[in-house]
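# Understanding the architecture of this molecule
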Amino acid sequence: MTESFSKNFIDYEEYPQSADIQNRCVSMIGRLFNAPVNEEGAAAVGTSTVGSSEAIMLAVLAMKKRWQNQRKDAGKPFDKPNIVMSSAVQVCWEKAARYFEVEEKYVFCTPERYIIDPVETVELVDENTIGICVILGTTYTGEYEDAKAVNDLLIKKNIDTVIHIDAASGGFVAPFVVPDLEWDFRLEKVVSINTSGHKYGLVYPGVGWIVWRAPEYLPKELVFNINYLGADQASFTLNFSKGASQVIGQYYQLIRLGKHGYRAIMTNLTRTADYLSDSLEQLGFIIMSKKAGEGLPLVAFRFDPKSEKHYDEFALAHQLRGRSWVVPAYTMAPHTKDLKMLRVVVREDFSKSRCDQLLCDIKLCVQVLDEMDKESIKKNQEYIHAHSTHSGKSRHNHPHYRKEGHSLQGKTGKTHAVC
Ligand SMILES: *Cc1c(COP(=O)(O)O)cnc(C)c1O
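Labelled according to an unreviewed UniProt entry, the chain appears under the name Glutamate decarboxylase, originating from Hyaloscypha bicolor E. According to its UniProt record, the chain has this under Sequence similarities (unreviewed entry): "Belongs to the group II decarboxylase family."

Right, dumping it as structure tokens:
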């Protein structure tokens, strides 16, 4: 990686090995996602990106272009594309839809259901739908949306649309922890999948990946060929230049760890997350995330309303911030009656002993808050926000753009929404 700091990934003529290594990563990731194979070998095509956000922008562009081409060929209007997705999507989906002028059609969560309902999802599809987004591991609770149910409904009802899987986090977890779960190219309606190398792919930021099941789902007019040493290297990215190090890092991890290594790490993380879930449950919290590998190794939890606390999850997040833990508090996606929650993402460096330390500090912070009255909690929260958090210290937002209210997250509020 250090040797590659100076290399510009896009310069295929000068650095053909970087391009070659990227292609090998695409092959390995395609196989991991069960991409179909034809006579010539793997049919899948793909590219490295800066992260899942860029990958998702490219996926949306490919779906939109392909839909437009089909509509043009059929002599039908193609000026009102829409995309069907959960209201719990990561903010990059809203960006992709706005930037590329695709109408957002949302399947809303409910106070009991934090993922899309497959029936409702398929009902939203119409002739202007470019595709459906299914999330493998939502940002809020880490739960896997039911790609198979959506796929099977589309086939049963003979609906002609495609599925993109946002496997930003789940792409490097599910294949190792729950290999029998059908969410990937084993489902015939799934045409593209993105994943983040810098999340459970275990590489430094930023690297992401996007893979299409076959070239027909990535329209030619979006791909630019850059000729090097007589061989064409296809390029489909938003940015031209980028460093080559991250691709090298991904290749290293894939080769060094192998399936065996990733499985060992992801299974261990799942065990740690289960341990944290069980311990928090014993402390009286309600667990909103899945256990036993049925979701990402993360724990989403909230207070039991029966405990009638005089403070909320944001107060606990601030108290923990005072002890140097950055445990974000969120307000759940819209239409969930403003459910509040805390979320701990179990990363590779979160050992069981660190987990025990966190549990100790949660217990301590709850005790402290229990003994404080409302007025002092508020004052304390403001103090921590101003002195212990970075968002309290820096005013990095230009005043003109503060209190953004046009996006789902701007409207429902996310992370440290205090003051
Ligand atoms: C993190 C995340 C993204 C964005 O990925 P980046 O790699 O940070 O660009 C998109 N979707 C989901 C579900 C995510 O968790």
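In this section: the overall build of the chain. In terms of helices and strands, the chain carries twelve helices and 15 strands. Relative to the globule expectation of 22 Å for 419 residues, the C-alpha radius of gyration of the chain, 22 Å, shows essentially globular dimensions. With the principal axes as the frame, the chain shows a C-alpha extent of 70 × 50 × 45 Å. By the burial criterion, 54% of the 419 residues in the chain qualify as buried. Of the contacts formed within the chain by residues at least 6 apart in sequence, a portion of 70% connects residues at least 24 apart. Entry remark: accessible area of the chain is about 20100 Å², with carbon and sulfur atoms responsible for 51%. For the chain, the centre of its 50 positive side-chain charges and the centre of its 52 negative side-chain charges are spaced 3 Å apart.

By the definition in use, this model includes 16 salt bridges. In this structure, D184 engages R186 in a salt bridge whose closest nitrogen and oxygen atoms are separated by 2.8 Å. Take D184: its relative accessible area is 1%, and that puts it in the buried class. A network of salt bridges, in which partner residues are shared, links E94, R98 and E104.

So, about the domain arrangement of the chain. Per the domain assignment, the segments of the chain are domain 1 (2-254) and domain 2 (261-412). Relative to domain 2, the C-alpha centre of domain 1 lies at a distance of 29 Å. Each partner contributes residues to the interface: domain 1 has 33 residues there, and domain 2 has 36 residues. Carbon and sulfur atoms make up 65% of the surface buried where domain 1 meets domain 2, a total of about 2900 Å² over both sides. Counting the surface domain 1 buries against domain 2, the share from its top three residues, Y140, F176 and Y200, is 26%. Where domain 1 meets domain 2, there are one salt bridge. Between E143 and K290 there is a salt bridge, and its shortest N-O distance comes to 4.0 Å. Where domain 1 packs against domain 2, one counts six residue pairs in polar contact (both at pLDDT 80 or more). At the level of elements, α3 (91-99), α6 (174-177) and α7 (245-282) are the ones that each hand at least two residues to the side of domain 1 that touches domain 2. Among the residues forming the side of domain 1 that touches domain 2, the class breakdown is 18 nonpolar, twelve polar and three charged.

With that settled, consider the UniProt feature "modified residue: N6-(pyridoxal phosphate)lysine" (unreviewed entry) in the chain. When the UniProt feature table is mapped onto this chain, "modified residue: N6-(pyridoxal phosphate)lysine" (unreviewed entry) is found at K199. Mapped onto the elements, K199 comes out in the loop between β8 (190-196) and β9 (208-212). What makes K199 partly exposed here is its relative accessible area of 39%. Not counting the four nearest positions on each side in its chain, K199 is found in contact with A168 and S169.

Note the cis peptide between P205 and G206, where omega equals -5 degrees. For G206, the location among the structural elements is in the loop between β8 and β9. One non-glycine residue, N158, lies in the positive phi region at around 55 degrees. Mapping N158 onto the fold places it in the loop between α5 (147-156) and β7 (163-166). Non-glycine residue E308 carries a positive phi angle of around 45 degrees. Here E308 is to be found in the loop between β13 (298-302) and α8 (313-322).

In the vicinity of the ligand lie 14 residues, with S53, D166, S196, H198 and K199 positioned nearest. Its free accessible area being 380 Å², the ligand has 86% of it covered by the protein chains. The greatest single-element share of the shell around the ligand, amounting to three residues, is contributed by helix α2 (residues 52-73). Classifying every residue of the shell around the ligand by side-chain character gives four nonpolar, eight polar and two charged.

A word on the pairing of β9. Judged by how many residues are buried, β9 sits mostly within the fold: five of five residues are covered. Residue alternation in β9 divides its side chains into two sets, G208, I210 and W212 and W209 and V211, and both sets are buried. Where strand β3 (residues 45-49) meets β9, five bridges bridge the pair, whose relative direction is antiparallel. For G46, the partnering residue across the bridge sits in β9 and is V211.

Attention now moves to the sheet that holds strand β15 (residues 340-345). The strands making up a sheet are joined through hydrogen bonds of the backbone, oriented either antiparallel or parallel. Strands sit in the order β12-β13-β15-β14 across an open sheet of four strands; the sheet is antiparallel. Lying at the two open borders of the sheet, with one neighbouring strand each, are β12 (286-287) and β14 (329-331). Across three bridges, β14 lies against β15 in antiparallel orientation. Each bridged residue has a counterpart across the sheet, and for Y330 the counterpart in β15 is M341. Set on the sheet, α8 makes contact with β13, β14 and β15; between it and β15 the angle comes to about 40 degrees.

With that settled, the discussion passes to the nonpolar core. One finds I165, W183, M266, L280, F301 and L316 to be the most contacted residues of the largest nonpolar core, which totals 96 residues. The dominant element in this core, judged by the number of residues it contributes, is α7, at eleven residues. Both domains that furnish three or more residues to this core are identified here as domain 1 (2-254) and domain 2 (261-412). With sequence-adjacent residues up to four places away left out, L280 is seen in contact with F285, I287, V299, F301, L359 and I362. Membership of the second largest hydrophobic core comes to 33 residues, among which are A55, M57, V162 and L408.

The rules behind the values
Residues numbered from 1 in each chain as written. Predicted model: local features only at pLDDT ≥ 70, side-chain atom pairs only at ≥ 80, totals over all residues. Heavy atoms only, no water. UniProt positions renumbered as here; feature names shortened; annotations may be inferred. Helix = DSSP H or I, 4+ residues; strand = E, 2+ residues; numbered from the N terminus. Rg over C-alpha atoms; globule rule 2.2 N^0.38 Å. Buried < 20%, exposed > 50% of the residue type's maximum accessible area, 1.4 Å probe, protein only. Contact = heavy atoms within 4.5 Å. Areas by Shrake-Rupley, 256 points an atom, 1.4 Å probe, with all protein chains shown as cover. Lys, Arg positive; Asp, Glu negative; His and termini not counted. Charge placed at Lys NZ, Arg CZ, Asp CG, Glu CD. Salt bridge = Lys/Arg side-chain N within 4 Å of Asp/Glu carboxyl O. Domains from an automatic or database assignment. Buried area = accessible area lost by both parts, 1.4 Å probe. Polar contact = N/O pair within 3.5 Å; in protein donor to acceptor, adjacent residues only side chain to side chain. Nonpolar A, V, L, I, M, F, W, Y, C, P; charged D, E, K, R; others polar. Near = heavy atom within 4 Å. Pairing = 2+ DSSP bridges. Axes fitted to C-alpha atoms, helices over the stretch in contact; angles between N-to-C directions. Core = buried A, V, L, I, M, F, W, Y, C linked by side-chain atoms within 4.5 Å.

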